[in-house]
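# Topology and contacts: notes
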Amino acid sequence: MRAFSDSPRKIDIYYWLGHRCYNLSEPVSISWKALKEQFGEGHFVTSGKTGGYTRDRDFRAKFTKELAHICELFPKLPVAVNEGGIRLKPADSDALSLPAKSSTKKRETIKR
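Residues numbered from 1 in each chain as written. Predicted model: local features only at pLDDT ≥ 70, side-chain atom pairs only at ≥ 80, totals over all residues. Heavy atoms only, no water.

## Some details on helix α1 (residues 8-23)
Test applied: Only DSSP runs of H or I covering at least 4 residues are called helices, and only runs of E covering at least 2 are called strands; the numbering of each starts at the N terminus. A helix is expected to span 1.5 Å multiplied by its residue count minus one. Think of it in three bands: with a 1.4 Å probe and only protein chains considered, a residue is buried below 20% of the maximum accessible area for its type, exposed above 50%, and partly exposed in between. By definition in these notes, contact holds between two residues if any of their heavy atoms fall within 4.5 Å.
Given a rise of 1.5 Å per residue, 16 residues ought to cover 22 Å, and the 23 Å separating the end C-alpha atoms of α1 matches this to within 8%. Turning to α1, its buried residues are Arg9, Lys10, Ile13, Tyr14, Trp16, Leu17, Gly18 and Cys21. Where α1 is buried, its residues contact β1 (28-31), α2 (32-39), α3 (56-73), β4 (79-82) and β5 (85-88).

As structure tokens, this is what we get:
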């Protein structure tokens with residue numbers, strides 16, 4: 001969750017995606033309008049003021065950027081951005097599991 005500490009909305013999106021993908025039985029498209037209603041109003045904070053996005057393109061740009069960051073951390077997440085919104089596919093809980101770290105250190109051999 002440290003990776004999302006700069007944006008409470010990223011945490012909201014992460015949990016929402018986990019819930020939606022896990023409970024889907026078939027792919028579903030979600031419109032930008034529906035996403036803005038869910039995540040746009042009251043999530044944007046600037047200069048100490050809270051409120052919604054006045055321009056749809058501003059919301060889409062910010063949401064797409066945040067979603068890309070989430071997908072970067074969780075590459076198995078079955079979500080795609082398109083002109084109309086996003087497309088989600090069913091997934092198990094593994095889609096939101098962090099990838100295993102690969103060790104880049106070489107093993108040292110012990111000489112006897």
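Don't stop here, the text continues.
## Details of α3
Applicable threshold: What the arc covers is the set of directions going from the helix axis to the C-beta atoms.
If you check α3, its first and last C-alpha atoms are 26 Å apart, about what 18 residues at 1.5 Å a residue would give, namely 26 Å. All of the buried residues along α3 are Phe59, Phe63, Glu66, Leu67 and Ile70. Within α3, the buried residues cover an arc of 100° as seen down the axis, which keeps them to one side. Turned more than 90 degrees off the buried face of α3, the exposed positions are Arg57, Lys65 and Glu72.

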